[in-house]
Amino acid sequence: GLREEYFRRNRAVDEDRKIEYKAAVKIQSWFRGCRVRAYLRYLNKMVIFIQKWWRGYRSRRYFSKLVETAYFIMKMNFYNEMAVRIQKRWRGYYVRKYIHNYYALKKYLEAISVNNEIVRSELQDYKEMKENEEKRKYLEKKEKEEKYQARKMHYLLSTEQIAGIYNSPFRKSPDPMELLLRKSKPLSHRQQQTKSPFDYELYDWPTCKRPPTFSTAQPLPPTGRQKPQGPFRDTTEVLRQRYKPLEPTLRVAASINSPPEKAREEMKREEWRNHIHDNEFLPFSSYHKNQKYDPSIHRSGKYGQETYGIKHFREVQPKKWVADK
């Protein structure tokens, strides 16, 4: 009975399917016929309109040519549109049948997703490794700084007689800094480096205008001995005085062919310029080598003497005197 019922139901469904298929075909044929008839009516109207237009302006040549061109363009547009539709249908059919493979594309996308997961996991591992490395470096740096501070503050270590600041009597256990102070050693004093007198080259001296012409050999290394006691000047100062530039006289500075009056006028202009723009005095004594030379009042200005008694004398304030005198 179940077999017969199954066969009967399948037969009824098949008959209904055939009826529905015939109804769909009938509807499609009716719709396509209506659409074709409407398009033909539109073409007939266009042809009738063009014929009326052409008959009305039959006497004009250029308009007849224009109508023919318009009609030709309309036909070509219609043919092109139909050709595009045919090509579209054929290309879609060809691609779906021979080129596009749904299962191959699905397999390719699955492989891409697997590869993405692998790359993501590797990047996550690399990120965790870098974070751990940075954390380890930070902890090492912090530990180094703590050890350095402990060595630097080793004098705060508590003794048997006096408790340190980190070893409070109110704490049950000593501070971690106190334990670190017990393990670390105090810092040693740094040895002061003695400056060699041959550190500067000869052409770096402020009194020299250009490099010397004599041969400069490499100086010997310092022996490390201390400066001898007594009124001895520094070696660099002695060399600076020995190799100072030449100051020519009037006879040497003036040319042989120039008259003496011209040379004297040049020397007067040089003296006047040096008088206005004062040169800094460089004493040879090592006692004043770190002090800047203060020029006098009448030579301190750029163009002449300063006003008298404004900047160079102390103000009198009797209210601040200790006594009446």
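Residues numbered from 1 in each chain as written. Predicted model: local features only at pLDDT ≥ 70, side-chain atom pairs only at ≥ 80, totals over all residues. Heavy atoms only, no water.

Under an unreviewed UniProt entry, the name given to the chain is SPT17 protein, and the organism recorded is Ciccaba nigrolineata. Looking at the chain in UniProt, the text filed under Subcellular location (unreviewed entry) is "Cytoplasm". (UniProt positions renumbered as here; feature names shortened; annotations may be inferred.)

Undergrad: Explain the overall build of the chain residue by residue, including any values.
TA: Counting its secondary structure elements, the chain contains eight helices and zero strands. Ordering the α and β elements of the chain from the N terminus gives α-α-α-α-α-α-α-α. Taking all 325 residues of the chain together, the buried fraction comes to 8%. Pairs at least 24 residues apart make up 56% of the contacts formed inside the chain by residues separated by at least 6 positions. Accessible area of the chain: about 32,200 Å², with a carbon and sulfur share of 55%. (Helix = DSSP H or I, 4+ residues; strand = E, 2+ residues; numbered from the N terminus. Buried < 20%, exposed > 50% of the residue type's maximum accessible area, 1.4 Å probe, protein only. Contact = heavy atoms within 4.5 Å. Areas by Shrake-Rupley, 256 points an atom, 1.4 Å probe, with all protein chains shown as cover.)

Undergrad: Describe the packing of helix 3 (residues 102-152) against helix 4 (residues 176-183), naming the residues involved and giving the relevant values.
TA: For the pair helix 3 and helix 4, the least separation of the axes is 9 Å and the interaxial angle reads 70°. In terms of orientation, helix 3 lies roughly perpendicular with respect to helix 4. In contact with Glu146, Lys147, Gln149 and Ala150 of helix 3, helix 4 contributes Met177, Leu180 and Leu181. (Axes fitted to C-alpha atoms, helices over the stretch in contact; angles between N-to-C directions. Parallel < 35°, antiparallel > 145°, perpendicular 65-115°, else oblique.)

Undergrad: Residues and numbers for the packing of aromatic side chains, please.
TA: If you walk through the whole model with that rule in mind, you get seven aromatic pairs. Where Trp90 meets Tyr93, the ring centres are 5.8 Å apart and the plane angle is 40°; that geometry is what we call tilted. Residue Trp90 and its partner Tyr93 are both found in helix 2 (residues 61-99); the two are separated by three residues, about one turn of the helix. Each ring, one from Tyr102 and one from Tyr103, has its centre 5.4 Å from the other, and the planes form 75°; the classification is edge-to-face. You can call Tyr103 exposed: its relative accessible area is 64%. An aromatic cluster of at least three residues, connected via ring pairs, comprises Trp90, Tyr93, Tyr94 and Tyr98. (Phe/Tyr/Trp six-rings, centres within 6.5 Å; stacked < 30°, edge-to-face > 60°.)

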